[in-house]
Amino acid sequence: MPTETVRYAYRLRPGRLAEAALLAEWGRCRWLWNEAVHQQKTRRNPTMCKLSKLLTQARAGKAWLREGSQVAQQQTLRTYMAALSSSFTVKGRGRPKVKKLKRTLPSLEYTTHGFRIKAGRLRLPGKVSIPVVWSRELPSDPTSVRVYQDNLGHWYASFVVKRETLTPAPADGSAIGIDWGVKTTATTTDTRFDLPHLGHRKRCAAERAKAQRRMARRRRPRGVTPSRGYLRAKRQAARIEKKAARQNTHDARQWATSVVQQHHLIAVEDFKPKFLAKSRMARKAADAAIGACKRELIYRGKRAGRKVVLVPPAYTTMTCSECGARAKQRLGLGIRVFDCAACGYTADRDVNAARTILATAERVRASADDIRHSIASSRDGGSDAVRAGNPLDPSSGAVNRTSTPALR
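Residues numbered from 1 in each chain as written. Predicted model: local features only at pLDDT ≥ 70, side-chain atom pairs only at ≥ 80, totals over all residues. Heavy atoms only, no water.

### A short note on the layout of surface pockets
Unfilled space is identified by rolling a water-sized probe across the atoms.
And step 1. Roughly 1,000 Å³ of volume is contained in the largest pocket.
And step 2. Forming the walls of the largest pocket are 26 residues, and the residues nearest its centre are Lys102, Pro226, Tyr230, Leu231 and Lys234.
And step 3. For the lining of the largest pocket, the secondary structure elements donating two or more residues are helix 1 (16-41) and helix 7 (228-262).
And step 4. Looking at which element gives the most residues to the lining of the largest pocket, the answer is helix 7, with five residues. (1 Å grid on protein atoms, 1.4 Å probe; cavity = no way out; pocket = protein on both sides within 12 Å on 5 of 7 lines; lining within 4 Å. Points joined across faces, edges and corners; volume = space filled by probe spheres on them. Helix = DSSP H or I, 4+ residues; strand = E, 2+ residues; numbered from the N terminus.)

### A closer look at helix 1
Working note: α-helix, 3.6 residues per turn, so residues spaced by three or four point in the same direction.
And step 1. Its 26 residues give helix 1 an end-to-end C-alpha distance of 37 Å, which sits within 8% of 38 Å, the value for a rise of 1.5 Å per residue.
And step 2. Directly after helix 1, the chain includes Arg43, whose backbone phi takes a positive value near 60°. (Expected span 1.5 Å × (residues − 1).)

### Re the environment of Ala256
And step 1. Examined against the element boundaries, Ala256 turns out to sit in helix 7.
And step 2. The exposure class assigned to Ala256 is buried, which follows from its relative accessible area of 0%.
And step 3. With 44 residues separating them along the chain, Ala256 and Arg300 place their C-alpha atoms 7.0 Å apart. (Buried < 20%, exposed > 50% of the residue type's maximum accessible area, 1.4 Å probe, protein only.)

### Regarding the sheet that holds strand 6 (residues 144-149)
And step 1. Spatial strand order, 2-6-7-1-5-4-3: seven strands in an open sheet with antiparallel pairing. Every other strand in the sheet has two partners, leaving strand 2 (107-111) and strand 3 (116-118) as the edge strands with one partner each. Taking the axes of each pair of neighbouring strands and ignoring which way they run, one obtains an average angle of 35° across the sheet.
And step 2. Note: strand 1 (residues 3-12) against strand 5 (residues 128-133), two bridges, orientation antiparallel. Residue pairing across strands places Arg11 opposite Val133, the latter belonging to strand 5. (Pairing = 2+ DSSP bridges. Axes fitted to C-alpha atoms, helices over the stretch in contact; angles between N-to-C directions.)

### Description of the packing of aromatic side chains
And step 1. In total, this model carries eight aromatic pairs according to the counting rule given.
And step 2. Summarising the aromatic geometry, the rings of Trp33 and Tyr80 are spaced 5.3 Å apart at their centres and angled 85° between planes, so their arrangement reads as edge-to-face. Residue Trp33 is located in helix 1, and its partner Tyr80 is located in helix 4 (residues 70-89); the two are separated by 47 residues in the primary sequence. Summarising the burial analysis for this pair, Trp33 and Tyr80 share the class buried.
And step 3. It is Lys99 that lies over the ring of Trp33; its NZ or CZ is 4.0 Å from the centre. (Phe/Tyr/Trp six-rings, centres within 6.5 Å; stacked < 30°, edge-to-face > 60°. Lys NZ or Arg CZ within 6 Å of the ring centre and 35° of its normal.)

### Some remarks on the packing of helix 7 against helix 9 (residues 290-303)
And step 1. At a closest axis distance of 9 Å, the pairing of helix 7 and helix 9 adopts a crossing angle of 40°. Of the possible angle classes, the one that applies to helix 7 and helix 9 is oblique. Like other packed secondary-structure pairs, helix 7 and helix 9 cross with a definite hand, here right-handed. In this structure, helix 7 contributes Ala252, Arg253, Trp255, Ala256, Thr257, Val259 and Val260 to the contact, and helix 9 contributes Ala292, Cys293, Glu296, Leu297, Arg300 and Gly301.
And step 2. Residues belonging to the contact of helix 7 with helix 9 are distributed by class as follows: eight nonpolar, two polar and three charged. (Parallel < 35°, antiparallel > 145°, perpendicular 65-115°, else oblique. Left-handed = near helix turned anticlockwise from the far one by under 90°. Contact = heavy atoms within 4.5 Å. Nonpolar A, V, L, I, M, F, W, Y, C, P; charged D, E, K, R; others polar.)

Rendered as structure tokens:
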């Protein structure tokens with residue numbers, strides 16, 4: 001049976017001494033990370049071998065560094081080297097930066113030599129024993145663990161384990177097209193699977209604003225230690241925001257699971273919602289959580305063996321899903337109904353875009369790069385069917401309407 005490597009996360013309940021030990025260990029690892037960043041900034045070209053030698057010398061000369069776990073410190077250097085290598089190969093990723101104490105949350109890595117599970121507790125170097133909230137059983141013995149803290153002060157343990165790969169379901173010819181939006185988070189070709197805008201953050205807005213006003217009243221000048229009342233109000237505001245984010249994640253997972261279970265081909269609009277953060281729709285776009293829904297759908301679709309096709313959003317709103325003709329002018333956001341001037345087809349603009357996305361995926365049946373090439377060629381008038389204004393004609397190698405009931 002084939003296996004896959006995944007992470008299982010659990011909540012930790014460390015005591016006062018255990019939490020102090022974790023924070024002290026994080027301080028040592030953060031110092032090593034910043035030293036590695038300094039090596040790179042001074043053009044000393046650090047490698048894993050050089051950093052390991054520097055760690056050995058530092059542990060020999062610094063007693064406070066020897067008190068920590070060598071496993072966690074070595075893993076910190078490996079994580080740094082992985083981040084440094086990715087900065088040269090991944091487009092848009094910068095060099096590793098200094099981790100400041102006030103802006104970076106603790107995160108520690110341990111391999112099998114640095115931790116063990118005994119009597120339901122996670123045991124770490126330095127006689128640190130932490131109770132674990134076992135919400136589910138581990139499918140296998142973990143090979144490593146990441147202990148980290150979130151912005152609410154809660155501690156978690158993420159174990160790397162292996163489990164059996166899900167057997168892909170047989171192909172049944174079912175397909176669905178998905179168009180992203182703000183008013184309706186996901187509009188599909190089958191209205192039963194539409195994901196409405198649930199507005200979790202909007203529902204918590206009043207309570208969050210009350211906590212933020214309490215923070216503003218209790219804020220002290222810069223450089224002065226914040227009061228306990230200010231920190232309490234800050235935690236309350238963060239707790240409300242985290243609750244809304246978790247509700248969005250839960251809804252996205254439930255919706256993605258239902259879509260993946262019922263369809264073999266999933267055509268998804270390759271929408272990048274990042275630019276919405278600078279628009280007047282930033283607050284509502286953040287509440288819609290389009291990026292989280294898209295990630296969950298793609299991840300669960302690929303795990304289940306479905307064919308997930310990412311379709312570029314260019315011209316999907318302007319193209320008629322019935323005849324393939326393209327509108328001569330862009331449709332403003334205030335226009336919610338698509339009206340084709342060529343064939344007279346009328347439908348909701350999001351439904352028409354979802355049908356167009358599905359038609360593109362059915363016609364190409366290839367990767368996202370091939371789809372982009374196909375759209376570019378059709379925009380330049382590459383085929384006779386496109387010139388005739390009917391790219392969905394079967395004689396042109398396009399999709400046959402009789403084979404796609406979702407396009408009727």
